[in-house]
Amino acid sequence: MDEENKKFELAGKTFHEGDPISIDGTTGNIYDGIIPTVDAQIAGDFDRIMNWADKYRTLKVRTNADTPADAKKARELGAEGIGLCRTEHMFFEESRIAAFREMICSDTVEEREAALEKILPMQQADFEALYEALEGNPVTIRFLDPPLHEFVPTEEDDIKKLADAQGKSVEDIKNIIASLHEFNPMMGHRGCRLAVTYPEIAKMQTRAVIRAAINVQKAHADWNVVPEIMIPLVGEVKELKYVKDVVVAAADEEIKAAGVELKYEVGTMIEIPRAALTADEIAKEAEFFCFGTNDLTQMTFGFSRDDAGKFLGAYYDKKIFENDPFAKLDQIGVGKLMEMAVKMGKSVRPDMHLGICGEHGGDPTSVEFCHKIGLSYVSCSPFRVPIARLAAAQAAINEKK
Ligand code: PEP
Ligand code: MG
């Protein structure tokens, strides 16, 4: 690999920047040129096995999807709902990031609200498309979660554009960006803390969800659209209550203004150990729980999911760990917290639905564990849906043995 001259040699041929190659994602083999591919689909014997699996499993399988295209693919692969829509992912596109940045770089509530007004129709349209793709099946929409500095511009040109759009100086914008810096962003100003500091964000997202649900319900009288609003990174019931109050007020106002009846649920992710430890308290406010085992793993072990790759190799070599705990659920530690939270949650709200939407939701042994502790569903990325369906069936069959 000659990085400097942007070329590499393989099997006697020199490839230059821009030359097409194909990579087999399973074997890692590299092929010259573009190999034609077909979309993954369930048919023939595969379909037969999947149907058998569905006959036996009791655990539902949802998907993590943020776009209608992903949601449709997951439906084709058998997903029975969306367990996690990460709303921040809807703003990565060039055409949308500008309004999002204006929201972040606002100095006053009024400025922020003006930017949020621009964002609202985009979110509403996205949610409508998701509800349409899911055809009346459940859709859990998670409110804004990541630290805001992840979205701010870094290029001079973009900073200038943002300054002009907001009538601010480049220096003002740079100061705001600098003020967003955090030493440990994963444990910083993110998750429901954003909604506590800026309730207007949660208000806008609620409006978008409820308006979308009302429209889609109107268009499909035979569907039962019940929005599930999920508040991330809760560790204390009072913060959940604060955000839930904001959500309920905005939702009820929308429903009343539309003159319709609409049921909706407000739940939370269980992804901070304190939320699991106080799940009985949290369940007084949360109508459902969904385990965010990516964060729950990171916070239970106390190491960052983004940095663990640097030292996990040594842990495998020294036989301290057998697996990556971010891929395969640590049933002994993280699992214990989940099991406790399920019991405590159900003791307060016996009919609450419980799911998992961390990466573990598509890992077979983790799926089996979720079945054992009594979760209602696992949620995983679209292409892992079939494996989750199969693992859920195997768990149900193993239990009967
Ligand atoms: C999680 O923490 O498990 C989760 C699903 O949320 P995110 O990965 O977006 O933090
Ligand atoms: Mg998380």
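Structure report, in brief. (Residues numbered from 1 in each chain as written. Chains lettered and ligands numbered in written order. Predicted model: local features only at pLDDT ≥ 70, side-chain atom pairs only at ≥ 80, totals over all residues. Heavy atoms only, no water.)

1. Quick look at the pattern of salt bridges
Working step 1: Tallied over the entire structure, the rule returns 29 salt bridges.
Working step 2: Close ionic contact of Lys6 with Glu17 constitutes a salt bridge, the shortest N to O distance being 4.0 Å. With Lys6 in the segment before strand 1 (7-10) and Glu17 in the loop between strand 2 (13-16) and strand 3 (21-23), this pair connects stretches of sequence that are eleven residues apart.
Working step 3: Lys6 gets classed as partly exposed once you look at its relative accessible area, which sits at 47%. (Salt bridge = Lys/Arg side-chain N within 4 Å of Asp/Glu carboxyl O. Helix = DSSP H or I, 4+ residues; strand = E, 2+ residues; numbered from the N terminus. Buried < 20%, exposed > 50% of the residue type's maximum accessible area, 1.4 Å probe, protein only.)

2. Re the coordination of the magnesium ion (ligand 2)
Working step 1: For the magnesium ion (ligand 2), the full set of protein donor atoms is Glu271 (OE) and Asp295 (OD), and the range of their distances to it is 2.1 to 2.2 Å. Of this pair, Glu271 sits in the loop between strand 9 (265-270) and helix 10 (273-277) while Asp295 sits in helix 12 (residues 293-301), placing them 24 residues apart in sequence.
Working step 2: Overall, the relative accessible area of 2% leaves Glu271 in the buried class.
Working step 3: We classify Asp295 as buried; its relative accessible area is 3%. (Donors = N, O, S within 2.8 Å, 3.2 Å for Na, K, Ca; no water.)

3. Some remarks on the site of ligand 1
Working step 1: Near ligand 1 you find 14 residues, and of these Arg86, Arg142, Gly292, Asn294 and Arg305 are the closest.
Working step 2: Between an oxygen atom of ligand 1 and a side-chain N or O atom of Glu271, the distance comes to 3.0 Å.
Working step 3: At a separation of 3.3 Å, an oxygen atom of ligand 1 approaches a polar backbone atom of Gly292.
Working step 4: For ligand 1, whose free accessible area comes to 290 Å², the fraction covered by protein is 96%.
Working step 5: Broken down by secondary-structure element, the contributors of at least two residues to the shell around ligand 1 are strand 6 (82-86) and helix 12.
Working step 6: With three residues, the top contributor of residues to the shell around ligand 1 is helix 12.
Working step 7: A per-class count over the shell around ligand 1 returns three nonpolar, four polar and seven charged. (Near = heavy atom within 4 Å. Polar contact = N/O pair within 3.5 Å; in protein donor to acceptor, adjacent residues only side chain to side chain. Areas by Shrake-Rupley, 256 points an atom, 1.4 Å probe, with all protein chains shown as cover. Nonpolar A, V, L, I, M, F, W, Y, C, P; charged D, E, K, R; others polar.)

4. Some points on a nonpolar patch on the surface
Working step 1: On the surface, Leu10, Ile23 and Ile30 cluster together into a nonpolar patch covering about 250 Å² of accessible area.
Working step 2: Its place among the elements puts Ile23 in strand 3. (Patch = residues over 30% accessible without salt bridge, like charges linked within 9 Å, V, L, I, M, F, W, Y side chains within 5 Å.)

5. Things to note about the nonpolar core
Where a protein is soluble and globular, its nonpolar side chains tend to be buried together.
Working step 1: In this structure, Tyr131, Ile231, Met338 and Leu375 are the most contacted members of the largest nonpolar core, which totals 103 residues.
Working step 2: Excluding residues within four positions of it along the chain, Ile231 makes contact with Phe143, Cys192, Leu240, Val243, Val247, Val266, Gly267, Thr268 and Met269.
Working step 3: If you look at the next biggest cluster of nonpolar residues, it comprises seven residues, including Met269, Cys290, Cys357 and Tyr377. (Core = buried A, V, L, I, M, F, W, Y, C linked by side-chain atoms within 4.5 Å. Contact = heavy atoms within 4.5 Å.)

6. Observations concerning the sheet that holds strand 7 (residues 139-142)
Two orientations exist for strands paired in a sheet by backbone hydrogen bonds: parallel and antiparallel.
Working step 1: Read around the barrel, eight strands follow the order 5-6-7-8-9-10-11-12 and close on themselves; strand pairing throughout is parallel. Adjacent strand axes in the sheet meet at a mean angle of 25 degrees, parallel and antiparallel pairs treated alike.
Working step 2: Of the strand pairs in this sheet, strand 11 (residues 353-356) and strand 12 (residues 377-380) are connected by two bridges, and their pairing is parallel. The residue of strand 12 that forms the bridge with Ile356 is Val378.
Working step 3: Lying over the sheet, helix 14 (residues 334-348) contacts strand 10 (288-291) and strand 11, oriented at roughly 175 degrees with respect to strand 10. (Pairing = 2+ DSSP bridges. Axes fitted to C-alpha atoms, helices over the stretch in contact; angles between N-to-C directions.)

7. Some points on helix 16 (residues 385-400)
Working step 1: Compared with an ideal rise of 1.5 Å per residue, which puts 16 residues at 22 Å, helix 16 spans 23 Å between its outermost C-alpha atoms and is within 8% of the ideal.
Working step 2: Residues Val385, Pro386, Ala388, Arg389, Ala391, Ala392, Ala393, Ala395 and Ala396 constitute the buried set of helix 16.
Working step 3: Close packing links the buried residues of helix 16 with helix 1 (44-56), strand 5 (60-64), helix 15 (364-372) and strand 12. (Expected span 1.5 Å × (residues − 1).)

8. Considerations on the packing of aromatic side chains
Working step 1: For the coordinates displayed, the defined rule picks out eleven aromatic pairs.
Working step 2: A ring pair is formed by Phe303 and Phe311, whose centres lie 5.3 Å apart and whose planes are at 70 degrees; its orientation type is edge-to-face.
Working step 3: Since its relative accessible area comes to 13%, Phe303 is described here as buried.
Working step 4: Phe311 gets classed as partly exposed once you look at its relative accessible area, which sits at 27%.
Working step 5: Each ring, one from Phe303 and one from Phe321, has its centre 6.2 Å from the other, and the planes form 55 degrees; the classification is tilted. Of this pair, Phe303 sits in the loop between helix 12 and helix 13 (309-317) while Phe321 sits in the loop between helix 13 and helix 14, and the two are 18 residues apart along the sequence. In terms of burial, Phe303 and Phe321 fall into one category: buried.
Working step 6: These aromatic residues form a ring-pair network of at least three members: Phe301, Phe303, Phe311, Tyr315, Phe321 and Phe326.
Working step 7: Residue placement shows Arg62 over the ring face of Tyr377; its charged tip is 4.0 Å from the ring centre. (Phe/Tyr/Trp six-rings, centres within 6.5 Å; stacked < 30°, edge-to-face > 60°. Lys NZ or Arg CZ within 6 Å of the ring centre and 35° of its normal.)

9. Structural notes on unusual backbone geometry
Working step 1: Unlike most non-glycine residues, Ala11 shows phi in positive territory, near 50 degrees.
Working step 2: Mapped onto the fold, Ala11 is located in the loop between strand 1 and strand 2.
Working step 3: Given the relative accessible area of 82%, Ala11 is considered exposed.
Working step 4: The phi angle at Leu233 is positive, at roughly 55 degrees, despite the residue not being glycine.
Working step 5: Secondary-structure assignment places Leu233 in the loop between strand 8 (228-231) and helix 9 (237-258).
Working step 6: For Leu233, a relative accessible area of 0% translates into the label buried.

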